[in-house]
Amino acid sequence: TQKALESGQSFLQEEMTSCGTDGSKWQKPRLSRKSLMKCCLVKWIIASTTQQGPDSCDSDLELSMVRHQPEGLEQLQAQTQFTRKELQSLYRGFKNECPSGLVDEETFKTIYSQFFPQGDATTYAHFLFNAFDMDRNGSIRFEDFVIGLSVLLRGSVTEKLRWAFNLYDINKDGYITKEEMLAIMTSIYDMMGRYTLPSVRDDSPFEHVEKFFQKMDRNRDGVVTIDEFIETCQKDENIMASMQLFENVI
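Residues numbered from 1 in each chain as written. Predicted model: local features only at pLDDT ≥ 70, side-chain atom pairs only at ≥ 80, totals over all residues. Heavy atoms only, no water.

Asker: Looking at this structure, how should I read the overall build of the protein chain?
Answerer: Counting its secondary structure elements, the protein chain contains 14 helices and four strands. Evaluated residue by residue, the protein chain yields a buried proportion of 51% over its 250 residues. The long-range share in the protein chain, meaning contacts at least 24 apart out of those at least 6 apart in sequence, stands at 69%. On the protein chain, roughly 11,800 Å² of surface is accessible, and the fraction owed to carbon and sulfur atoms is 48%. (Helix = DSSP H or I, 4+ residues; strand = E, 2+ residues; numbered from the N terminus. Buried < 20%, exposed > 50% of the residue type's maximum accessible area, 1.4 Å probe, protein only. Contact = heavy atoms within 4.5 Å. Areas by Shrake-Rupley, 256 points an atom, 1.4 Å probe, with all protein chains shown as cover.)

Asker: Hey, could you run me through the pattern of salt bridges in this one?
Answerer: Think of it this way: side chains of opposite charge can pair up when their charged atoms draw near. One pass over the structure, following the stated rule, counts ten salt bridges. Residues Lys178 and Glu210 are paired through a salt bridge, measuring 3.5 Å at the closest nitrogen-oxygen approach. With a gap of 32 residues between them, Lys178 in helix H11 (residues 178-192) and Glu210 in helix H12 (residues 204-216) connect regions that are remote in the sequence. Among the residues examined, Lys178 registers a relative accessible area of 31% and is labelled partly exposed. Lys215 serves as the salt-bridge partner of Asp236, at 3.0 Å between the closest nitrogen and oxygen. Taken together, the residues Asp236 in the loop between helix H13 (226-235) and helix H14 (237-246) and Lys215 in helix H12 connect sequence positions 21 residues apart. Taking the relative accessible area as the measure of exposure, Lys215 reaches 34% and is therefore partly exposed. (Salt bridge = Lys/Arg side-chain N within 4 Å of Asp/Glu carboxyl O.)

Asker: I tried to follow the packing of aromatic side chains on my own but got confused; where do I start?
Answerer: The way to describe two aromatic rings as a pair is by their centre distance and the angle between their planes. Following the criterion strictly, the structure yields twelve aromatic pairs and no others. Between Phe94 and Phe145, the ring centres sit 5.4 Å apart and the planes meet at 50°, which makes this aromatic pair tilted. In this pair, Phe94 is assigned in helix H6 (residues 84-97) and Phe145 in helix H9 (residues 142-154), connecting sequence segments 51 residues apart. Overall, the relative accessible area of 0% leaves Phe94 in the buried class. Aromatic pair Phe108 and Phe132: ring centres 5.8 Å apart, planes at 65°, arrangement edge-to-face. Here the residue Phe108 occupies a position in helix H7 (residues 105-115), and Phe132 occupies one in helix H8 (residues 122-132), the gap between them amounting to 24 residues. (Phe/Tyr/Trp six-rings, centres within 6.5 Å; stacked < 30°, edge-to-face > 60°.)

Asker: Mind showing me how you'd approach H7 here?
Answerer: Since the α-helix advances by 3.6 residues per turn, residues separated by three or four positions end up pointing in the same direction. What H7 keeps buried is the set Glu105, Phe108, Ile111, Tyr112 and Phe115. One face of H7 carries all of its buried residues, which in axial projection span an arc of 120°. Turned more than 90 degrees from where H7 packs its buried face, Glu106 and Gln114 sit exposed. (Arc of directions from axis to C-beta.)

Asker: Just to check I follow, could you spell out the UniProt feature "domain: EF-hand" (unreviewed entry) in the protein chain for this structure?
Answerer: According to UniProt, the feature "domain: EF-hand" (unreviewed entry) maps to residues 120-155, 156-191 and 204-239 in the numbering used here. Secondary structure across residues 156-191 divides into 72% helix and 8% strand, with the first and last C-alpha atoms of the span separated by 27 Å. Across residues 204-239, helical content stands at 72% and strand content at 8%; the span's end C-alpha atoms are separated by 15 Å. (UniProt positions renumbered as here; feature names shortened; annotations may be inferred.)

And the structure:
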């Protein structure tokens, strides 16, 4: 299992190490927080692939083996930044864990409880699942799963911020309220537990939300639009540095 997790950690090492640091206090613990959180789903997939063995790959993604068949390789290549070989590898692990071709919320909770046993990952896994579940039907297809991963791992800054906005916009009404942002941040602190370095105080999520809203809510209407969110993050280095703890949390 350890070997499988190491394989997952190195699978997209270039993306993980290309983010850089800017010396902010939220960038310092990148090994204990960011790097682990950034690739949990990838490590889950690659661990399954490694356990299954290298000879199980089929160029047509073994479409006949699943009840829910994904789109063809060519279409997924066009929609994502993954190569054909990477898509095959991701699909092998996905199919091994989810033979039906669909992921449910309980699977997400199991994944994150395994990677963050020191905290309670239930609430965050719920929010993350909803961000991937674009159809809001309680299950995630391989296509949606891999398209989301592509944005988070290899998307542009704007694409990643749009995804982060979707995560914070819990009720998907196109606005982020202070309560929604606090719920997301609190769930992340709960997941990381009380043994992270540097240690987090109980009021830290509230402090972050207050700081973000003061800068993001430019017209003082009590909500943040996607334009306000993206523009503020891109123009404010301090917010961007802090956002990197909470964005790309996969």
